[in-house]
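Residue-level structural notes
Take a look at the letters that make up each chain.
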Amino acid sequence: MIDPIEFRQALGSYATGVTIITTVDQDGNKIGMTVSSFNSLSLDPPLILWSIDKSTGVFEEFTTCSHFAVHVLKEDQEQWSNHFAGKGFDKFKEVDSLPGLGGVPLLDHVCARFECSLENCFDGGDHIIIVGRVEKMAHEEARPLVFCQGRYQKLAE
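None of the values given here were measured: they were computed from a predicted structure. (Residues numbered from 1 in each chain as written. Predicted model: local features only at pLDDT ≥ 70, side-chain atom pairs only at ≥ 80, totals over all residues. Heavy atoms only, no water.)

Considering all chains together, one arrives at four salt bridges under this definition. Of the charged contacts, one joins Glu140 and Lys74 as a salt bridge, the two residues approaching to 2.6 Å between their closest N and O atoms. Of this pair, Glu140 sits in the loop between β10 (127-139) and β11 (146-148) while Lys74 sits in the loop between β6 (67-72) and α3 (78-85), and the two are 66 residues apart along the sequence. Residues Arg133 and Glu119 are paired through a salt bridge, measuring 3.0 Å at the closest nitrogen-oxygen approach. Of the two residues, Arg133 sits in strand β10 while Glu119 sits in strand β9 (residues 112-124), which places them 14 residues apart along the sequence. (Salt bridge = Lys/Arg side-chain N within 4 Å of Asp/Glu carboxyl O. Helix = DSSP H or I, 4+ residues; strand = E, 2+ residues; numbered from the N terminus.)

Here we take up the environment of Ser117. Here Ser117 is to be found in strand β9. Spatially, the C-alpha atoms of Ser117 and Phe68 are 6.4 Å apart, while their sequence positions differ by 49 residues. Discounting residues that sit within four places of it in the chain, Ser117 has contacts with Ser66, His67, Phe68, Val131, Gly132, Arg133 and Glu135. (Contact = heavy atoms within 4.5 Å.)

It is worth spelling out unusual backbone geometry at this point. Cis rather than trans, the peptide bond between Asp44 and Pro45 has omega equal to 5 degrees. Its place among the elements puts Pro45 in the loop between β4 (39-42) and β5 (47-53). Its identity as a non-glycine residue notwithstanding, His109 has a phi of 60 degrees, on the positive side. Of note, His109 is situated in the loop between β8 (105-106) and β9. For His109, a relative accessible area of 52% corresponds to the exposed category. Even without being glycine, Gln149 reaches a positive phi, approximately 55 degrees. Looking at the element boundaries, Gln149 is found in the loop between β11 and β12 (151-153). (Buried < 20%, exposed > 50% of the residue type's maximum accessible area, 1.4 Å probe, protein only.)

Looking now at a nonpolar patch on the surface. Taken together, the side chains of Ile2, Phe7 and Leu11 make up a nonpolar region of the molecular surface, amounting to roughly 330 Å² of accessible area. Looking at where Leu11 falls in the secondary structure, it is placed in helix α1 (residues 4-11). (Patch = residues over 30% accessible without salt bridge, like charges linked within 9 Å, V, L, I, M, F, W, Y side chains within 5 Å. Areas by Shrake-Rupley, 256 points an atom, 1.4 Å probe, with all protein chains shown as cover.)

Trp50, Phe62 and Phe68 are the most contacted members of the largest nonpolar core, which totals 19 residues. Among the secondary structure elements, those contributing two or more residues to this core are β3 (30-35), β5, β6, β9 and β10. Among the nonpolar cores identified, the runner-up in size contains ten residues, and Ile20, Phe84, Phe92 and Val95 belong to it. (Core = buried A, V, L, I, M, F, W, Y, C linked by side-chain atoms within 4.5 Å.)

The next subject is the UniProt feature "domain: Flavin reductase like" (unreviewed entry) in the protein chain. If you check UniProt for "domain: Flavin reductase like" (unreviewed entry), the listed places come out as residues 11-154 in our numbering. End C-alpha to end C-alpha, residues 11-154 measures 19 Å, and it is 10% helix and 47% strand. (UniProt positions renumbered as here; feature names shortened; annotations may be inferred.)

The seven strands are arranged β3-β2-β6-β9-β10-β5-β4 in an open sheet whose pairing can be described as antiparallel. Of all strands in the sheet, those with a lone pairing partner are β3 and β4, marking the two edges. For this sheet the average axis-to-axis angle between neighbouring strands, irrespective of direction, equals 35 degrees. Bridge analysis of strand β2 (residues 19-24) against β6 gives four bridges, and the strand direction is antiparallel. If you follow Ile21 over to β6, its bridge partner there is Val70. Across the sheet, α3 is in contact with β2 and β3; its angle to β3 comes to roughly 115 degrees. (Pairing = 2+ DSSP bridges. Axes fitted to C-alpha atoms, helices over the stretch in contact; angles between N-to-C directions.)

The geometry of an aromatic ring pair is captured by the separation of the ring centres together with the interplanar angle, meaning the angle of the planes. Inspection of every chain in the model, using the stated rule, returns five aromatic pairs. Here the aromatic rings of Trp50 and Phe62 are separated by 5.3 Å at their centres, their planes lie at 85 degrees, and the arrangement is edge-to-face. Taken together, the residues span a long stretch of sequence, with Trp50 in strand β5 and Phe62 in helix α2 (residues 59-64) at a distance of twelve residues. Per residue, the accessibility class of Trp50 equals that of Phe62, and both read buried. (Phe/Tyr/Trp six-rings, centres within 6.5 Å; stacked < 30°, edge-to-face > 60°.)

Encoded structure:
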């Protein structure tokens, strides 16, 4: 049997980018969370995927929304990652955002931003895999924030 703690540590050997995923709930409240389980899925049609823990407090909002946005963070945006990883407070109270597709809050000045419509959700054990169809995107030349072995890392030249 695989020990869950050892499994998580082994998975931590794989470097990932850091994203913030945003949406709005049915009342129009802005929601955001830090996610590292983001990946490309298809170029034609343009699809991305990410996963959300079923026990996350905003699980239902993300699995039933019409739209969401993925923001790939720059290497100097650790504070945003930490802020949106927090629980139990209005994460947009002190964070500026612009309205995107479906009223989804968009963060500015990130490496890349993908505005998506919810395409599908699939069971993935204790997570749900969310597939989004990219409707709009923007990107700028910048070094991404990277997470590996339990901490933020910087890419070497």
